[in-house]
Number of protein chains: 2
Amino acid sequence: MRTALYHPDRDEISLDKVLHALSDPIRRDIARVMHEQGPRVCGQLDYPIAKSTLSHHLKVLRESGIMHTEVRGTTRVITLRREDLEARFPGLLDAVQVTAPAPEHVLSTV
Amino acid sequence: MRTALYHPDRDEISLDKVLHALSDPIRRDIARVMHEQGPRVCGQLDYPIAKSTLSHHLKVLRESGIMHTEVRGTTRVITLRREDLEARFPGLLDAVQVTAPAPEHVLSTV
DNA sequence: TTCAATGTTCTACAAGTGTAGAACATGGTG
DNA sequence: CACCATGTTCTACACTTGTAGAACATTGAA
């Protein structure tokens, strides 16, 4: 059963959901990696969490409108929806350090 | 028993906690009101929630470093920590529409 | 001192979240 | 076909969260 993956339209992307999605450090880092290294295959992501947990995070990122998922064979290519997010919430990706390097004094953030 | 209210130092303000705090629409609106109308007394805030719930939200905002609380008689004056937040996460308050008016197409956000 | 006003804290609860193991689905390969 | 690789979905669980009522603390005023 192939069901189409849900992606909100640009105008449906909600700030509540985006901020919630980005409040998790792993999800924020996934977004950062997608921006820094371009589209990725899920398996290329390396975090100390279970496959099912990673899948959950990717679902949150996709359903909140932060990334796009394209099925390609057995793998899935995920892409940051940079333009949609920039159009909807200008400066947000920069401000949450997804598209901007963190200033020195921020790196030690707990 | 008067215990000093906890306020994180500027350098201790964590992006995780700030984003989580701002992912709630009521808390984000409180921040917006503080910016727009200056320091407020808690009782001036008008939301359809219980006193204890409002108090909880204010605690989250204070402990995440978003606002400062000053006890003054029986009331408490709350202030947006605009400069600290701007220094720590430049552009964030604007991007989450706390210090910037929402563009037309964003007002209908669900 | 007694009373009222302002908020916080305590307690409780339903809903949501991050986590992971097991099973499943899909697609490529031999 | 059988087999493996990639990820998702199902189920479960402990923890957190937003919510509110009741009691409490503090201060100012009558």
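Structure's up top.
All figures in this text were calculated on a predicted structure; none of them were measured in a lab.

Engineer: I tried to follow the relation of the copies chain A and chain B on my own but got confused; where do I start?
Structural biologist: The operation relating the two chain copies consists of a rotation about an axis and a shift along that axis. If you rotate chain A by 180° and push it 0.0 Å along the axis, it lands on chain B with an RMSD of 0.0 Å. What we have between these two chains is a two-fold relation. Comparing contact sets, 100% of the residues at the interface of chain A also lie at the interface in chain B, consistent with an isologous, same-surface contact.

Engineer: So what exactly am I meant to see when it comes to the sheet that holds strand β1 (residues 40–41) of chain B here?
Structural biologist: In a beta sheet, neighbouring strands are held together by backbone hydrogen bonds and run either parallel or antiparallel to one another. All names here are of chain B. Read from one edge to the other, the open sheet built from three strands follows the order β1-β3-β2, with strand pairing classed as antiparallel. A strand with exactly one partner marks an edge of an open sheet, and here the two such strands are β1 and β2 (67–72). Bridging between β2 and strand β3 (residues 75–80) involves six bridges; their strand directions are antiparallel. In the strand pairing of β3, H68 is matched with T79. Relative to β3, helix α2 (residues 25–37) is tilted by about 85°, and along the sheet it contacts β1, β2 and β3.

Engineer: Explain the interface of chain A and chain B here, please?
Structural biologist: For an interface, size is often stated in terms of accessible area lost upon the parts coming together. Listed as interface residues are 23 residues of chain A and, on the opposing side, 23 residues of chain B. With both sides pooled, the region where chain A packs onto chain B buries about 1900 Å², and carbon together with sulfur makes up 57% of that total. Looking only at chain A, the three residues that lose the most surface to chain B are D16, L19 and R88 of chain A, adding up to 27% of its buried area. At the surface where chain A touches chain B, the tally comes to two salt bridges. Between R28 of chain B and D16 of chain A there is a salt bridge, with its nearest N and O atoms 2.7 Å apart. Taken together, the links from chain A to chain B amount to two residue pairs in polar contact (both at pLDDT 80 or more). Of all the elements in the fold, those that place two or more residues in the side of chain A that touches chain B are α1 (15–22), α2 (25–37), α4 (82–88) and α5 (92–95) of chain A. The element best represented in the side of chain A that touches chain B is α1 of chain A, accounting for five residues. Taken together, the residues that form the side of chain A that touches chain B break down as 13 nonpolar, seven polar and three charged.

Engineer: Would you mind showing me how to read the side chain of R27 of chain A here?
Structural biologist: Counting through the fold element by element, R27 of chain A comes out in helix α2. One buried charged residue, R27 of chain A, remains without a salt bridge, the closest side chain of opposite sign being D24 of chain A at 4.5 Å.

Engineer: Before we go on, may I ask you to explain the sheet that holds strand β2 (residues 67–72) of chain A in this structure?
Structural biologist: Residue and element names in this part refer to chain A. Spatially, the three strands line up as an open sheet ordered β1-β3-β2, and their pairing is antiparallel. Looking at the sheet topology across the chains shown, the edges are occupied by β1 (40–41) and β2. As paired strands, β1 and strand β3 (residues 75–80) are joined by two bridges and run antiparallel to one another. Following the sheet pairing, R40 is matched in β3 by I78.

Engineer: I tried to follow the pattern of salt bridges on my own but got confused; where do I start?
Structural biologist: Two side chains carrying opposite charge are able to pair once their charged atoms lie near each other. All names here are of chain A. Under the counting rule described, the total for this entry stands at 12 salt bridges over all chains. With a closest N to O distance of 3.1 Å, R32 and E36 form a salt bridge. Remark: E36 and R32 occur in helix α2; sequence separation between them is four residues, near one turn of the helix. What makes R32 partly exposed here is its relative accessible area of 25%. Beyond isolated ion pairs, a larger network of salt bridges with shared partners links R10, R81 and D84.

Engineer: Which parts of the structure should I look at to understand α2 of chain B?
Structural biologist: In an α-helix there are 3.6 residues to a turn, and that puts residues three or four apart on one side. Here α2 of chain B contains 13 residues, and its C-alpha end-to-end distance of 18 Å stays within 8% of the 18 Å for a straight helix at 1.5 Å per residue. For α2 of chain B, every residue scored as buried is listed here: R27, R28, I30, A31, V33 and M34 of chain B. Those residues of α2 of chain B that are buried are in contact with α1 of chain A together with α1 (15–22), β1, α3 (51–63), β2 and β3 of chain B. For α2 of chain B, the capping residue at the N-terminal end is D24 of chain B, with a side-chain oxygen 2.9 Å from the backbone nitrogen of I26 of chain B. Immediately downstream of α2 of chain B, the backbone of G38 of chain B shows phi near 80°, a positive value.

Definitions and cut-offs
Residues numbered from 1 in each chain as written. Chains lettered and ligands numbered in written order. Predicted model: local features only at pLDDT ≥ 70, side-chain atom pairs only at ≥ 80, totals over all residues. Heavy atoms only, no water. Least-squares fit on C-alpha atoms with pLDDT ≥ 70 in both. Contact = heavy atoms within 4.5 Å. Pairing = 2+ DSSP bridges. Helix = DSSP H or I, 4+ residues; strand = E, 2+ residues; numbered from the N terminus. Axes fitted to C-alpha atoms, helices over the stretch in contact; angles between N-to-C directions. Buried area = accessible area lost by both parts, 1.4 Å probe. Salt bridge = Lys/Arg side-chain N within 4 Å of Asp/Glu carboxyl O. Polar contact = N/O pair within 3.5 Å; in protein donor to acceptor, adjacent residues only side chain to side chain. Nonpolar A, V, L, I, M, F, W, Y, C, P; charged D, E, K, R; others polar. Buried < 20%, exposed > 50% of the residue type's maximum accessible area, 1.4 Å probe, protein only. Lys, Arg positive; Asp, Glu negative; His and termini not counted. Expected span 1.5 Å × (residues − 1).

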